[in-house]
Structure formats: structure tokens, C-alpha cells
Amino acid sequence: MIVTTRNLFEAAYGKYAIGAYNINNLEQTMGLFRGNLDSQAPFIIQISKGARNYTDKHMLEALIRASDDVFPQAIFAVHLDHGDEETCYDCIKSGFYSSVMIDASHEDFETNIAITKRVVEAAHAKGIVVEAELGQLGGVEEHIKVSEDEARLTNPNNAKEFVDRTGCDSLAVAIGTSHGAFKFTGSQSLHFDVLDEIQKRLPGFPLVLHGSSSVPQEEVKRINAAGGKLEGARGVDVNQFKRASKLGVTKINIDTDGRLVWTRVHREYFLEHPEGFDLRKPGKIFMQEYANFIAAKNEKFGSAGQLDIVRKLITEKGQ
Ligand code: G3H
Ligand code: 13P
Ligand code: ZN
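Residues numbered from 1 in each chain as written. Chains lettered and ligands numbered in written order. Predicted model: local features only at pLDDT ≥ 70, side-chain atom pairs only at ≥ 80, totals over all residues. Heavy atoms only, no water.

Novice: Hey, could you go over the pattern of salt bridges for me, with residue numbers and the actual values?
Specialist: With the rule as written, the count across this model stands at 23 salt bridges. Across the pair D90 and K57 runs a salt bridge, and its minimum N-O distance is 2.9 Å. Placement of the pair is D90 in helix α5 (residues 85–94) and K57 in helix α4 (residues 57–70), with a sequence separation of 33 residues. K57 sits in the partly exposed class, given a relative accessible area of 32%. Its salt-bridge partner being E316, residue K312 comes within 3.3 Å of it at the nearest N-O pair. One end of the pair is K312 and the other is E316, both in helix α13 (residues 307–318) and four residues apart, which spans about a single turn. For K312, a relative accessible area of 54% puts it in the exposed group. (Salt bridge = Lys/Arg side-chain N within 4 Å of Asp/Glu carboxyl O. Helix = DSSP H or I, 4+ residues; strand = E, 2+ residues; numbered from the N terminus. Buried < 20%, exposed > 50% of the residue type's maximum accessible area, 1.4 Å probe, protein only.)

Novice: Give me the coordination of the zinc ion (ligand 3): which residues, what numbers.
Specialist: Note on the zinc ion (ligand 3): its protein donors are H82 (NE2), H179 (NE2) and H210 (ND1). The metal-donor distances range over 2.1 Å. Mapping the donors of the zinc ion (ligand 3) onto the primary sequence yields the spacing H-x96-H-x30-H. Residue H82 is found in strand β3 (residues 76–83), and its partner H210 is found in the loop between β9 (207–209) and α9 (217–225); the two are separated by 128 residues along the sequence. Residue H82 is classed as buried on the basis of its relative accessible area, which comes to 5%. In this structure H210 comes out as buried when scored by relative accessible area, which is 1%. (Donors = N, O, S within 2.8 Å, 3.2 Å for Na, K, Ca; no water.)

Novice: Help me get a handle on helix α7 (residues 156–166), residues and values and all.
Specialist: Given 3.6 residues to a turn, an α-helix orients residues that are three or four positions apart in the same direction. Listed as buried for α7 are P156, A159, F162, V163 and T166. Along the axis of α7, the buried positions cluster into a sector of 115°, meaning they face one direction only. Buried residues belonging to α7 abut α6 (109–124), β5 (129–134), β8 (170–173) and α8 (192–201). The N-cap residue of α7 is N155: its side-chain oxygen and the backbone nitrogen of N157 are 2.8 Å apart. (Arc of directions from axis to C-beta. Contact = heavy atoms within 4.5 Å. Polar contact = N/O pair within 3.5 Å; in protein donor to acceptor, adjacent residues only side chain to side chain.)

Novice: I'd like a description of the sheet that holds β9, backed by residues and values.
Specialist: Strands belonging to one sheet form pairs held by backbone hydrogen bonds; the direction of such a pair is parallel or antiparallel. Ordered in space as β1-β2-β3-β4-β5-β8-β9-β10, the eight strands form a closed barrel in which the pairing is parallel. Between one strand and the next, the sheet's axes are offset by a mean angle of 25°, whatever the strand orientation. (Pairing = 2+ DSSP bridges. Axes fitted to C-alpha atoms, helices over the stretch in contact; angles between N-to-C directions.)

Novice: Provide a residue-level description of the nonpolar core, including the pertinent values.
Specialist: Core analysis: the largest hydrophobic core is formed by 80 residues, its most contacted members being I45, I47, V100 and L171. Every residue in contact with V100, bar those within four places of it in the chain, is listed here: H79, L80, C88, C91, I92, V119, I128, V129, V130 and E131. Formed by seven residues, the second largest nonpolar core is a distinct cluster that contains A181, V215, V220 and A233. (Core = buried A, V, L, I, M, F, W, Y, C linked by side-chain atoms within 4.5 Å.)

Novice: Account for α8, with residues named and values stated.
Specialist: Looking only at α8, the buried set comprises F192, V194, L195, I198 and Q199. On an axial view of α8, the arc spanned by its buried residues comes to 155°, and they lie on one face. The exposed set on the far side of α8, more than 90 degrees from its buried face, consists of D193 and K200. Residues of α8 that are buried make contact with α7, β8, β9, α10 (241–246) and β10 (249–254).

Here's what the structure looks like:
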């Protein structure tokens, strides 16, 4: 069942976070649905601009519609990840996405507000919810590059003004995470002090954490042992997310960790089977490993085991 992120946030706020996972192909989609059902978790499927252009924007849409039939128990939202204004309008028009992200965080404050406001008006007219972003993460964000030194955390006062003036439904905040596999040079904690201040000014308002992969060191070790070169890859401590969810973080974005699972499975498979060329062999292993990975993540986010409660809430609201 496809729902809006608003439905999911109402159920989760202050208690746990919903995992938001990027997909690009069939194997990720299968693993994603299986892992979420194995762990009985509601979830968010994210499609980036890059994913829409990987083959054809309609391909992932068709995969998701088919998955909805194959896995009728699943409850999920379909979300555009890091949209620009034009892509947001395209997704709003398509009638398929239940939620879009307008990412104008690289613009100055007033321009970010103006762009976000336009998208909110267009989306709300069609019952679609909008995630916006304020502050800049370190690392690489699609078309935007921000080095770790220049990363700017979200200003709590600006966050309140931004939400009031744009009417957005959730806000991605910069509290020390960054995209990709090389997040920190040393170890680094989330900036809970900043998060705390943001939540005080926006009580009850869903906050989003991008760049939240934990880059498990065991995964990195196995990839490197099988011929990879990911020395120094490092991510966020996965045990910090439950605390963050009590402070209003309701959606946690994960892409890189899933890519690491894919890389490990395929590197190890072809190292052990140099004679192999049947793509379904590693593909099958990947789907299972990806499902296991998703289920384990949902345990850490607290969304595991919440599916029936969410179903009940949504059904009651619909009556
Ligand atoms: O935050 C960006 C996501 O990881 C999506 O990455 O633009 O390479 O699909 P992508
Ligand atoms: P990671 O690179 O940490 O997985 O972040 C993904 C993300 O924020 C997608 O929007
Ligand atoms: Zn992101």
C-alpha cells in the first residue's frame, strides 16, 4: 500500500524513525521489500534524479507498482530524493510520487524559501507532501560539492522561520552527517545540541537526516580483501539514531550502505568464481543479503515490528 510520508510520520514521530532507502534496480527493490516485510517495518522508497535517469524514469515506477502487487502487506511511501524544482514538478504531475524533496539548500536563505514555497504550493494542491532542506551537509550532494570544512550546520532559529514561511511538511537538517562512504576523517558524533535546539523551536515537526549510512567496517574490510580500494571509508554510528528519533528525527536516509552490500557481494562472488558469468547467481545472493541488511537497519531505527500498528492507524483514519 502506497501512503504519504505524512501518514508514516504521524505514527513514528518521537518514537522511532522510518528508514528511507534509495533504489536503482530490480534487485535492490526485491531485497528492500523482503527486508521490510521480514522485519515488519513501514518504509520509504527514494528515487533520486540520477536513479530516474539511469534507465528511464518510468522503469522504477513500474517496478514499484509491481512490488505493491507482489507484496500486498507492505506499507510504504514513494519519495523523490534531492529534487530540483523542475524534477519536483515532473513528479508532482506524474501522480505517482506521494512525496517530493526540493533541495535548494545550496541557495541563499531567501532563494531557498522562494523555491521551496513554489514547490509546496504545487505539491499541496495535489495532496503530495514536501521535504525541504536547510543547512549544508559535507560530502557530495548530486550536483553540489561541499567539503567537510565548509559544511554548515542548520541554524535552529532559521529552521523555525524557514518552516513557517515555506509550509514544508518535513525538514532535512545538517547536524554533522554527510553523503557517501567517506564521511569523517576521524570519529564524529551527531550534533545533538543543535538537534535539541531545532526540536525546541519546531516541536512535533518531522526532521530528516540525510547522509546517515554507517559504512560498517566489516563491509569495508571484506570489499578491500576482495580487490576494492575503500581505505578510510567511515560513517555514522548507527547506535545514535534511536536517540535522534526521540528528538524529532523521523526519516533516516540510507543509500551508501546498500551500495556497499552490492559491492561486497559481487566482488566476493567473482573472486571466488572467476569462471562465472551468470548475473543471476550474485544477483540472488545480493537480494537476500540486501533484505538482511534492511531488516537489521530497521531494528536500529526502531521501525521494525511497527507495521501492524501503522496499518491500524491508517485504516482507522481512512474510515
Ligand atoms: O543523496 C544522494 C543519494 O545517495 C542518491 O545518490 O544521486 O547517486 O543516485 P545518486
Ligand atoms: P548516505 O550516502 O549516507 O547513504 O546518504 C544517503 C542520502 O542521504 C540519500 O538522500
Ligand atoms: Zn541525501
